[in-house]
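A look at the structure
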Amino acid sequence: MTEPARTTETAEDRDRRLLAWLGAGMLAGGSPVHEAEDDVREVARALGHPNAQVTCMPTGVMVALAPGRATALERVEGGIRLDQVADVASLVAGLRAGRTTADEALARLATLRAQPHRYTRVGLPVGVVLSAVGIALILTPVGSSVLFAAVLAPVTVLLLLLSRSSRAVRTLVPLAASFATSVAAFTAASAGWVEAPLWTLVAPIAVILPGATIVTGLTELAAGSMVAGTGRLAHGTLQMLLFALGVGGAAGLLRVDAALLDPARPVGLGWWAPLLGVVVVTVAISLMESLPPHVVPWVLLTVLATYLAQAVGQEVLGMRWAGAFVGALVAGLAASLVEFVRPELPRAVAFLPSFWLLVPGSLGLISVAQADISPAVAAGAVWEVTLVVVALALGVAVGANLASPLRGAARRTGLVHLLGRWRRGRA
């Protein structure tokens, strides 16, 4: 989404470029390709192009205003932050309702990536450390594991900073991060400082695990986007194998005792630890993703509802995949409800942080690592994580389908816009 050098641009050229930029913005924000295509087509109809053709891929978008017409191609150059996702969603809503002109939208999109981070110096380092601590409180609520997560998280920060300027480093980040963290975890476990190293090593690197990519890929496959879904699924699986290779390499190098590879999840702190972890993770996401403070309570509400639904579903039905399905379902519905109450907070911004608690990155890494280290006990674990991934994708799809009519009814009646004006008037 960079401003191209051009001379005279017709209205059709402008609209085609605008639609391509919008699609690229949604894809960079993590939207599945079928949702991005639907939103771009809706904006195209609002601009007077009912027969627009839109094709999205994870790395790019193509737009033609009608069959046989000229096509615009826009590449997706990396991801964007949640505050920028909110800006794109706001533009989509404004264009669809006629409150924003095409020229205004283009001007805002041209500067989207240049928007400064609210927390320039502390956002990434503090956010990653807090994320590691929060995930440890949820996954391994033991004091030693929480401390381990806080101490090792700066390694992930360093690798993320190095990866910004080098594609080679970016490719090796999963392997390097998992190897370094695994060496520390197995060494600490051998000395008796931490329990269950396979669980303990996850929290410091949880922020870069590809669980969201895998689930999004399955969601796209379920929606019929075969090429995009297959590509994402293959990419996420390869990333997970690189993480597992790092864990296996560390275990082989240190000749880890088999007794330390017990997959049992340690629990040492009270019932309050996971709830505190949810709060800490929400704050971490807000720092990393540059969210304004006034929306954080609403994001926390969605994340907390997701976690409780997941926990209740798993407890009542006694199966992890059932909890994953219920959690994903509630995440979509809760995010849509938050958007209805607070129209300035797009559904995607409320939903994506909840996805951090739902993605099976941690469970997937543990299962794949077991397959590498101890194949005899891995079959059941791999099958379980497969069920969880499928259940998550199904829950996301069902939740989106249930929420879509409600959001559509609100748009048609203008309730969301009126409620937003009423709230702004009160403020």
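None of the values given here were measured: they were computed from a predicted structure.

This part takes up the overall build of the chain. Broken down by element type, the chain carries 17 helices and 3 strands. Across the 427 residues that make up the chain, the buried fraction comes to 49%. Considering only contacts in the chain between residues 6 or more positions apart, those separated by 24 or more positions represent 72%. Summing over all exposed atoms, the chain offers an accessible surface of approximately 19,300 Å²; the carbon and sulfur share of this is 64%.

We now examine the confidence of the model for the chain. Close reading of the predicted structure is inappropriate where its pLDDT is low. Confidence along the chain averages 80 in pLDDT terms, with 84% of residues attaining 70 or more. For the chain, the element scoring lowest by mean pLDDT is helix α17 (residues 415-426), at 45; strand β2 (residues 60-64) scores highest, at 92. Between residues 413-427, whose pLDDT stays under 50, and residues either more than four places distant or in other chains, the model counts 13 contacts.

Looking now at the side chain of Ser145. As for its position among the elements, Ser145 is in helix α6 (residues 143-163). Sequence-distant contacts of Ser145, defined by excluding residues within four places in its chain, comprise Ala136, Thr140, Glu195 and Thr200.

What follows is about the side chain of His49. Within the secondary structure, His49 sits in the loop between α2 (33-46) and β1 (53-57). Looking at His49, the relative accessible area reads 12%, which means it is buried. One polar contact links His49 to Asp15, side chain to side chain, over a distance of 2.8 Å. Apart from the residues lying within four places of it in its own chain, the contact partners of His49 are Asp15, Ala44 and Leu65.

We now examine the packing of helix α9 (residues 211-222) against helix α10 (residues 226-254). In the contact formed by α9 and α10, the axes pass within 7 Å of each other and the chain directions differ by 160°. By the angle between their axes, α9 is roughly antiparallel relative to α10. In this structure, α9 crosses over α10, and the sense of that crossing is left-handed. Here Thr213, Ile214, Thr216, Gly217, Leu218, Glu220 and Leu221 of α9 come into contact with α10, specifically with Met226, Ala228, Gly229, Thr230, Arg232, Leu233, His235, Gly236, Thr237 and Met240. Tallied by class, the residues present in the contact of α9 with α10 amount to 7 nonpolar, 8 polar and 2 charged.

Attention now goes to the environment of Ala393. With respect to the helices, strands and loops of the structure, Ala393 is situated in helix α16 (residues 378-413). Along the chain, Ala393 and Gly217 lie 176 residues apart, while their C-alpha atoms are 8.5 Å from each other.

Once that is clear, we can look at the environment of Leu175. Positionally, Leu175 belongs in helix α7 (residues 167-190). Take Leu175: its relative accessible area is 29%, and that puts it in the partly exposed class. With 72 residues separating them along the chain, Leu175 and Val247 place their C-alpha atoms 8.3 Å apart. Beyond its immediate chain neighbours, meaning those up to four positions away, Leu175 contacts Leu242, Leu245 and Gly246.

Over its 14 residues, α2 runs 20 Å from end to end, which matches the ideal 20 Å to within 8%, given 1.5 Å per residue. Looking only at α2, the buried set comprises Val33, His34, Ala36, Glu37, Val40, Val43 and Ala44. Of the surrounding secondary structure, the elements contacted by the buried residues of α2 are α1 (11-28), β1, α3 (82-97), α9 and α10.

The rules behind these values
Residues numbered from 1 in each chain as written. Predicted model: local features only at pLDDT ≥ 70, side-chain atom pairs only at ≥ 80, totals over all residues. Heavy atoms only, no water. Helix = DSSP H or I, 4+ residues; strand = E, 2+ residues; numbered from the N terminus. Buried < 20%, exposed > 50% of the residue type's maximum accessible area, 1.4 Å probe, protein only. Contact = heavy atoms within 4.5 Å. Areas by Shrake-Rupley, 256 points an atom, 1.4 Å probe, with all protein chains shown as cover. pLDDT = per-residue confidence, 0-100. Polar contact = N/O pair within 3.5 Å; in protein donor to acceptor, adjacent residues only side chain to side chain. Axes fitted to C-alpha atoms, helices over the stretch in contact; angles between N-to-C directions. Parallel < 35°, antiparallel > 145°, perpendicular 65-115°, else oblique. Left-handed = near helix turned anticlockwise from the far one by under 90°. Nonpolar A, V, L, I, M, F, W, Y, C, P; charged D, E, K, R; others polar. Expected span 1.5 Å × (residues − 1).

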